[in-house]
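Residue-level listing of the chains:
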Amino acid sequence: MFRRRKDTLPTASFTQYGKGVSDGSGKGIRMEAPIVRNWRNSSGYTKGTYYACIFNMFLIFFGYRLLRNASASIWLTCDAETCAIQITPPGNVGTTKLEFSRNQIVKANAVKVDKDHVFQRLDSGTKPRQNTKYKKYKIHSVGPDKDGFYDSYDVALRPPGQDQDPNEKDLTPLEPFIYRSDESGIIFIPMRKYNLGRTKRRTKTMIMKVQSYTSQRRNQLTMKENAPLSWQGTVSIIFGMFLLLLTILIGQFVDETKTVGPGVRRSSRKVPANSRRKISNGKMH
């Protein structure tokens, strides 16, 4: 009558460290973890659902890593007195920041470079002939020209002079990003080092902004050149999130026939006849 039900007892195994037999003490009892028991008793649908979730989360993380490694930019921001340049190469490389005087900006040049951003020549900037007066003529399409060169521009910076300007700084930290210089010590920073393939019209616009700033016609200057996003990383994140949501919606996280946990129907078993309660005439025998 007071016997425990065998299906409610926790599972346990008796082992002795080093010999594999029980010594009769409590140390030889090893309880099975509930999560291990649930995973062992779960169906193939549940296991496949969790495997799919883990794969989708890995796909999202892989896409994020691709976007982060491909992220690169060159920013130049100036106010009335000082300028700050910020260069972030691709990969897990630190960002180089330097603040200097606005007087150290000399000029900006339109240049032609190859696909590895090696300087080829200065861009003459000849104006092409327009087709019609009713259509806007795009000066240059995205991509290389007929010689295989790309449109780009650079900013010329001079080293600190002798006028004792406290805002003028040494340009040594920018040496890894210099791709040409002249005899007077002026260095040239390529602004489109990580995003070749823009239109020539935008190149001319940025050069005009630098010329206006150096001639004191404007007191604000902002130039931001960012590398394009990795399409592999973007596709990985989109597909990973879509598949993860789809798995959560249609996946089966609960077994079709639960073996443990709340709501489980106990299996019926035969009770011996001598242990049944017999009620007759309101009395228990």
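Cut-offs used in this document
- Residues numbered from 1 in each chain as written.
- Predicted model: local features only at pLDDT ≥ 70, side-chain atom pairs only at ≥ 80, totals over all residues.
- Heavy atoms only, no water.
- Phe/Tyr/Trp six-rings, centres within 6.5 Å; stacked < 30°, edge-to-face > 60°.
- Lys NZ or Arg CZ within 6 Å of the ring centre and 35° of its normal.
- Axes fitted to C-alpha atoms, helices over the stretch in contact; angles between N-to-C directions.
- Helix = DSSP H or I, 4+ residues; strand = E, 2+ residues; numbered from the N terminus.
- Parallel < 35°, antiparallel > 145°, perpendicular 65-115°, else oblique.
- Left-handed = near helix turned anticlockwise from the far one by under 90°.
- Contact = heavy atoms within 4.5 Å.
- Nonpolar A, V, L, I, M, F, W, Y, C, P; charged D, E, K, R; others polar.
- Buried < 20%, exposed > 50% of the residue type's maximum accessible area, 1.4 Å probe, protein only.
- Pairing = 2+ DSSP bridges.
- pLDDT = per-residue confidence, 0-100.

Caption draft 1: Highlighting the packing of aromatic side chains. Counted according to the given criterion, the structure contains one aromatic pair. A cation over a ring is seen here: arginine 180 above phenylalanine 119, with NZ or CZ 4.4 Å from the ring centre.

Caption draft 2: Examining the packing of helix α2 (residues 44-70) against helix α4 (residues 231-250) more closely. Orientation of α2 relative to α4, taken along the N-to-C sense of each, is 155°, at an axis distance of 7 Å. By the angle class used here, α2 and α4 are roughly antiparallel. Here the hand of the crossing between α2 and α4 comes out left-handed. In this structure, α2 uses Thr49, Ala52, Cys53, Asn56, Met57, Leu59, Ile60, Phe62, Gly63, Tyr64, Leu66 and Leu67 to contact α4, whose residues at the interface are Gln232, Gly233, Thr234, Ser236, Ile237, Phe239, Gly240, Met241, Leu243, Leu244 and Thr247. Per-class residue counts for the contact of α2 with α4 are 14 nonpolar, nine polar and no charged.

Caption draft 3: Spotlight on the pairing of strand β10 (residues 187-190). Residues Ile187 and Ile189 point to one face of β10 and Phe188 and Pro190 to the other, with burial holding for every one of them. The pairing of strand β9 (residues 180-181) with β10 spans two bridges and is antiparallel. Each bridged residue has a counterpart across the sheet, and for arginine 180 the counterpart in β10 is phenylalanine 188. The turn joining β9 and β10, which pair antiparallel and follow one another in sequence, is formed by five residues; a positive phi near 90° is taken by glycine 185.

Caption draft 4: Focus on the confidence of the model for the protein. Of the residues in the protein, 68% reach a pLDDT of 70 or more, and the chain-wide mean stands at 75. Counted against residues more than four places away or in other chains, residues 1-6, with its pLDDT under 50, gives seven contacts. Overall, residues 13-20 carries pLDDT values under 50, and its contacts beyond four positions in sequence, including any with other chains, amount to 13 contacts.

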